[in-house]
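One letter stands for each residue in the lines below.
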Amino acid sequence: MLLIPCPHCGDRAQAEFAYERTADSVVPLDAAPDQAVAALFTRTNPRGIDEEIWRHTYGCGSWMLIRRDRVSHAIEWVKPIGPAVLP
Amino acid sequence: MAKYSALSLLRGAFNGQSHWQPAWRHPDPKASYDVVIIGGGGHGLATAHYLAKNHGITNVAVLEKGYIGSGNTGRNTTIVRSNYRLEPLSRFYEFSLKLWEQLSDELNYNVMFSPRGALTLGHSDGDMIRLAEKGDAMAVQGIDAELLTRDQVMKIEPCLDFSHDARFPIEGGMIQWRGGTARHDAVAWGFARSADSQGVDIIQQCEVTSMVVDAGRVVGVETSRGRINAGMVAICAAGHSGHVAAMAGLKLPVESQTLQAMVTEGVKPMVNTVVMTQSLHCYISQSDKGGIVFGGDPDNWPSYAQRGHAVTMELAVQQGLALIPALSRLRMLRTWAGVTDMSFDGSPIIGSTPVDGLWIDGGWCYGGFKATPGSGYLFADTLANQRPHEIIAPFSLDRFERGSPVDENGTGPFPNHR
């Protein structure tokens, strides 16, 4: 289980969080069809490091971007999603 | 290959059972094969077996990073059934179930297929309507399905909590009597032994590190044991499908997540069928050794670590205990996890890829074990004829861009919402 450092609440148990999707799967509203299909339906899915969108659903409710390793589960960094960090 | 039989056992009794031979060879890889299969699990070995048996293609190598059956083939809950509502899925899984029924004979290897019944419980009027609808859809396909009343369920599984204050009251159920369980390791070993005896090279401790692409066509693989040229390359890598496909520059519609299972200490027979439910995501069966085997949701977040997290495990156990309170006194012996390639509609991905010479059999989510013989049979047919077999045609890689997913759960295009 992960110990996720929420940007607002500090270290919290993973049970309070929900995984949403990977950062590269966010589609601009004016995306071309092939671009939208690629973002919606395909994933890099690396056996290694990727950036993901999580939400502190059962806590403060905020969204965040987490960069972590999918084999060791080590979290590299967590950033709050806001104007500065739009994935 | 020496045939296993009662007679050979008896004959062996007179010479100290010294007649036993290794069930498969450990060959060094050749420089080139007609077909290279990446992944020595049930699906890869079954594909090799049917390529040799049905199509006479025996210049085949199965490359396995660890030892055969060490991935999801050895990590599932061994359930075999074909009770699906959508026609492409029920048609495929029924094809597979029919192969299961005669698999021990076909392989001359006891896979211990035990059709003890796959029971789905209904906990509300809504559940019973869904079950009746699914049962009707199955019956139309010629698949056995029987809708059960509460009293009938009580006769089949008396250990369930039928009290009036049960957390999940049982209103009835639906059973597929031909469903059941099988011995998962024996499936890998049986297919391996049969494929090997027909000339297929099973190469263990051989990790594929990259693909050799020439003018847009895959012509071989680089491995930890050197380069191997191939007429065709077939990916049967389950949770690592995406990882392997990326070596050829492909992005697949899958996300790899952890799926857990667990088993208790052995007890006398108490769970007679495979118990599943329409509302919960918990499935319970009793192994031949007597252990109660639990399975639940995937962990619902991406991971390649073959270990699960406690939240999901607790949820599965809570649901199991609510259904069968007597289990609360049992000790949990082991828990384990496999990496599943969760696709975006919960259905598999079989067939060609945009890269010439590269074929895929993956995206099995948590339905891969019961598909093993069917997938091997149809994928071998697909490889031999260089076109998707009609039963697996709905599961093509390009179905998402064409807008025709096969979404059994109706939960939309999110692998973590399955």
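Placed above this text is the structure.
The structure reproduced in this document is the subject of the present report.

Examining the overall build of chain B
Here's step 1: On a plain count of helices and strands, chain B comes out with 10 helices and 18 strands.
Here's step 2: Here the C-alpha atoms of chain B give a radius of gyration of 22 Å, agreeing with the 22 Å that 2.2 N^0.38 yields for 418 residues.
Here's step 3: Evaluated residue by residue, chain B yields a buried proportion of 57% over its 418 residues.
Here's step 4: Of the contacts formed within chain B by residues at least 6 apart in sequence, a portion of 75% connects residues at least 24 apart.

Here we look at the packing of aromatic side chains
Here's step 1: With the rule as written, the count across this model stands at 16 aromatic pairs over all chains.
Here's step 2: Centroid distance A:Phe41 to B:Phe400: 5.4 Å. Interplanar angle 25°. Geometry classified as stacked. Of this pair, A:Phe41 sits in helix H1 (residues 33-41) while B:Phe400 sits in the segment after helix H10 (368-385), each in a different chain. Pair check on accessibility: A:Phe41 and B:Phe400 agree, each one buried.

Remarks on unusual backbone geometry
Most peptide bonds are trans, and most residues other than glycine sit at a negative phi.
Here's step 1: Backbone geometry places A:Asn45, a non-glycine residue, at a positive phi of 50°.
Here's step 2: Following the sequence through the fold, A:Asn45 ends up in the loop between H1 and strand E4 (49-55).
Here's step 3: For A:Asn45, a relative accessible area of 2% corresponds to the buried category.
Here's step 4: Positive phi is not limited to glycine here, since B:Gln17 has a value of about 55°.

What to know about the nonpolar core
Residues and elements named next belong to chain B.
Here's step 1: The biggest cluster of nonpolar side chains holds 50 residues, and the ones touching the most others in it are Ile37, Leu45, Phe92, Trp100, Phe191 and Leu383.
Here's step 2: Broken down by secondary-structure element, the contributors of at least two residues to this core are strand E1 (32-38), helix H2 (42-55), strand E2 (60-63), helix H3 (87-101), helix H4 (103-107), helix H7 (184-197), strand E11 (226-235) and H10.
Here's step 3: With sequence-adjacent residues up to four places away left out, phenylalanine 92 is seen in contact with Trp364, Ala371, Gly374, Ser375, Leu378, Ile391, Ile392 and Phe395.

Examining a nonpolar patch on the surface
Here's step 1: Taken together, the side chains of B:Leu7, B:Leu10 and B:Phe14 make up a nonpolar region of the molecular surface, amounting to roughly 390 Å² of accessible area.
Here's step 2: Examined against the element boundaries, B:Leu7 turns out to sit in helix H1 (residues 6-13).

A few points about the pairing of strand E2 (residues 10-13) of chain A
All names here are of chain A.
Here's step 1: In terms of strand pairing, strand E1 (residues 3-6) meets E2 through four bridges, oriented antiparallel. Each bridged residue has a counterpart across the sheet, and for leucine 3 the counterpart in E2 is alanine 13.
Here's step 2: Here E1 hands over to E2 after three residues, the two strands then running antiparallel side by side.

Focus: helix H5 (residues 125-140) of chain B
Residue and element names in this part refer to chain B.
Here's step 1: Taking 1.5 Å as the rise per residue, H5 with 16 residues should run 22 Å; its terminal C-alpha atoms sit 23 Å apart, in good agreement.
Here's step 2: Among the residues of H5, Asp127, Met128, Leu131, Lys134, Gly135 and Met138 are the ones counted as buried. The buried side chains of H5 occupy one side of the element, clustering within an arc of 130° when seen end-on. Of the exposed residues in H5, those oriented more than 90 degrees away from the buried face are Asp125, Ile129, Asp136 and Val140.
Here's step 3: Two residues or fewer after H5 comes glycine 142, characterised by a positive phi angle close to 80°.

Here's the deal with helix H9 (residues 310-323) of chain B
All names here are of chain B.
Here's step 1: End to end, H9 covers 20 Å across 14 residues, agreeing with the expected 20 Å (1.5 Å per residue, within 8%).
Here's step 2: Residues Thr312, Ala316, Gln319, Gly320, Ala322 and Leu323 constitute the buried set of H9. Taken around the axis of H9, the buried residues stretch over an arc of 165°, which confines them to a single face.
Here's step 3: Structurally, H9 contributes buried residues whose contacts are with strand E4 (118-122), strand E12 (254-266), strand E13 (274-277), strand E14 (283-286) and strand E15 (291-302).

What counts and how
By convention here, each chain's residues receive numbers from 1 onward along its written sequence. To label them, take the chains in the order written and letter them from A, then take the ligands in the order written and number them from 1. A pLDDT threshold of at least 70 governs which residues receive local features in this predicted model, and a stricter bar of 80 or more applies before side-chain atom pairs are shown or counted, although totals over entire chains, interfaces and linings include all residues. Hydrogen atoms and water are omitted, and side-chain values are computed over all heavy atoms in the structure. Secondary structure is summarised from DSSP: a helix means a run of H or I of at least four residues, a strand means a run of E of at least two, and numbering begins at the N terminus for each. Within these notes, the globule rule equals 2.2 Å times the number of residues to the 0.38 power, and the radius of gyration is based on C-alpha atoms. Working definition: with a 1.4 Å probe on protein chains only, accessible area under 20% of the residue-type maximum means buried, over 50% means exposed, and in between means partly exposed. Throughout, a residue-residue contact means that at least one pair of heavy atoms, one from each residue, lies within 4.5 Å. Each aromatic pair joins two rings of Phe, Tyr and Trp (for Trp, the six-membered one) with centres within 6.5 Å, and gets the label stacked for planes under 30 degrees apart, edge-to-face for over 60, and tilted for any other angle. The nonpolar core is taken to be a set of buried Ala, Val, Leu, Ile, Met, Phe, Trp, Tyr and Cys residues, with the residues joined through side-chain atoms within 4.5 Å. Surface patches are defined over residues having more than 30% relative accessible area and no salt bridge, joining like charges when they lie within 9 Å and nonpolar side chains (Val, Leu, Ile, Met, Phe, Trp, Tyr) when within 5 Å. The Shrake-Rupley method, run with a 1.4 Å probe sphere, supplies the accessible areas, and residue values consider only the shown protein chains as cover. Every case where a carboxyl oxygen of Asp or Glu lies within 4 Å of a side-chain nitrogen of Lys or Arg is listed as a salt bridge. In this description, strands pair whenever DSSP reports at least two bridges between them. Residue count minus one, scaled by 1.5 Å, sets the expected span of a helix. Summarising the geometry, the arc corresponds to the directions from the helix axis toward the C-beta atoms.

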